[in-house]
Amino acid sequence: MTTQQPLAVALVGAGRMGSFHAESLARRIPGARLAAVADPAPGAARGLADRLGCPTSYTDIGELLADPDVDAVVISTPARTHADLVEAAARAGKAIYCEKPMAVTLAEADRAIAAAEKAGVALQVGFNRRYDAGFRAAHDKVASGAIGTPQLLRSLTRDPKLADPAPIPPWTIFLETLIHDFDTLRYLNPGAEPVEVFAMADALVRPDFKDRGLLDTAVVTIRFDNGAIATAEANFQAVYGYDVRGEVFGSAGMLTMGDVRRTHLTSYGAEGIAAECVTYDQDLFHDAYVAELADFTTCVRTGTSPTVTGQDARAALSIALAAVQSVTTGGPVRIDELKEQ
């Protein structure tokens, strides 16, 4: 491929996040074009493709992967299908962008990574906070030594609303929500790796679903090999909006990032002080979602390595699985003693 040609990228999974990625490929990233859409749900791929002016759609994902006109795929299907699709795409010789989590077991993660390496194709994972301006600036400052040695770190995710909890699989709070925070804490503590995890979780938003395996509130403590101690927390219902923040406290200073306010406008009136809050992830991280796909496009077109790799996905998954094991056993879990899931 010459660098003058747009990268032909196909979308797999035409749901909420997939639709946003498809729009980015079709309209927001000059170096890419939306070549095809695939989704097994009848009409889903065709409807999205028609809306975006994409001529090709499939209900059979295997047919999409066999399409010689497709250079790369964006996988945005349900989490527990990701690893198999990564392997299939790698075997088909397609470069791969996969939404988080790349896998839900270490064995799956290892197979996905090995498949991409064997095929010699790029594999990037969707940890979008690395592409947010504030989180990226914080990482750069920590890496430069601006706040000395990291000692305490914090990352949190509070979703705006828990609608229907029935379809949510067990352990989602660790494997699909806090997985972002686990990667963020590694990103904000560059060069360090987690060694021990302790987690507590409960069903505080919907206690009536606890016996079905739904945990909607969690706090995880992580010790890193450079001595730093980190906490990650999540809740599925913050009534005020979509709340994502981070903090790094070091020997020479502190950094904070994230703001639930939609703008810096604050209203002062008879009823007090008020600010409009963000309630949707695609609003809060709009630019980051676009930037990560733009970076993937550049990596594939230039042959450079992705910024966020399959190994990064595996490392975050290790923390998530240790948290699951910690909640199950009631004690701390060392990463190097993690039982295979």
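This text goes with the structure placed above it.
None of the values given here were measured: they were computed from a predicted structure. (Residues numbered from 1 in each chain as written. Predicted model: local features only at pLDDT ≥ 70, side-chain atom pairs only at ≥ 80, totals over all residues. Heavy atoms only, no water.)

A. Up close: the overall build of the protein chain. Counting its regular elements, the protein chain contains ten helices and 15 strands. For the protein chain, the C-alpha atoms occupy an extent of roughly 55 × 50 × 45 Å along the three principal directions. A buried classification covers 53% of the 341 residues belonging to the protein chain. When contacts within the protein chain are restricted to residue pairs at least 6 apart in sequence, long-range pairs at least 24 apart make up 70% of them. (Helix = DSSP H or I, 4+ residues; strand = E, 2+ residues; numbered from the N terminus. Buried < 20%, exposed > 50% of the residue type's maximum accessible area, 1.4 Å probe, protein only. Contact = heavy atoms within 4.5 Å.)

B. Spotlight on helix α4 (residues 82-91). Most of α4 is tucked away, with eight of its ten residues classed as buried. For α4, the full list of buried residues reads His82, Ala83, Leu85, Val86, Glu87, Ala88, Ala89 and Ala90. Buried residues belonging to α4 abut β1 (7-12), α3 (61-65), β4 (72-75), β5 (95-99), α5 (106-119) and β6 (123-126). Looking one or two places after α4, you find Gly93, whose phi comes out positive at around 80°.

C. Representation of the packing of aromatic side chains in the model. Within the structure shown, the criterion is met by four aromatic pairs. Between Tyr242 and Phe285 the ring centres are 6.4 Å apart and the planes differ by 85°, which places this aromatic pair in the edge-to-face class. With a gap of 43 residues between them, Tyr242 in the loop between β10 (229-235) and β11 (243-250) and Phe285 in the loop between α8 (281-284) and α9 (286-302) connect regions that are remote in the sequence. Each of the two residues, Tyr242 as well as Phe285, counts as buried. In this arrangement the basic side chain of Arg28 is found over the ring face of Phe20, its NZ or CZ atom lying 4.5 Å from the centre. (Phe/Tyr/Trp six-rings, centres within 6.5 Å; stacked < 30°, edge-to-face > 60°. Lys NZ or Arg CZ within 6 Å of the ring centre and 35° of its normal.)

D. Representation of helix α2 (residues 44-51). Listed in full, the buried residues belonging to α2 are Ala45, Leu48 and Ala49. Each buried residue of α2 lies within a common arc of 100° when the element is viewed along its axis, so the set occupies one face. Turning to α2, the residues buried within the fold contact β1, α1 (16-28), β2 (32-38) and β3 (57-58). Taken from the residues just after α2, Gly53 is the one with a positive phi, measuring 70°. (Arc of directions from axis to C-beta.)

E. Structural view of the sheet that holds β2. Taken in spatial order, the six strands make up an open sheet running β3-β2-β1-β4-β5-β6, and their pairing is parallel. Every other strand in the sheet has two partners, leaving β3 and β6 as the edge strands with one partner each. Where β1 and β2 come together, six bridges link them in parallel fashion. The partner of Val9 across the bridge, within β2, is Leu34. Each of β1, β4, β5 and β6 touches α4; the most contacted strand, β5, lies at about 170° to it. Sitting on the sheet, α9 is in contact with β1, β2, β4, β5 and β6, with an inclination near 160° to β5. (Pairing = 2+ DSSP bridges. Axes fitted to C-alpha atoms, helices over the stretch in contact; angles between N-to-C directions.)

F. Spatial organisation of the pairing of β10. Within β10, five of the seven residues are buried, leaving the element largely enclosed by the surrounding structure. The sheet contact formed by strand β9 (residues 217-224) and β10 spans seven bridges and is antiparallel. When the bridges of β10 are listed, Ile222 appears paired with Ala230.

G. Structural context of the sheet that holds strand β7 (residues 150-158). In space, the seven strands of this open sheet follow the order β12-β11-β7-β10-β9-β8-β15, with mixed pairing throughout. At either margin of the open sheet sits one strand with a lone partner, and together these are β12 (253-257) and β15 (333-334). Of the pairings in the sheet, the one linking β7 to β11 comprises eight bridges and is antiparallel in character. Bridged to Leu152 within β11 is Phe249. On the sheet, helix α7 (residues 172-187) packs against β7, β8 (194-202), β9 and β10 and is oriented at approximately 35° with respect to β9. Its contacts with the sheet place helix α10 (residues 310-329) against β8, β9 and β15, and it is angled at close to 55° to β8.

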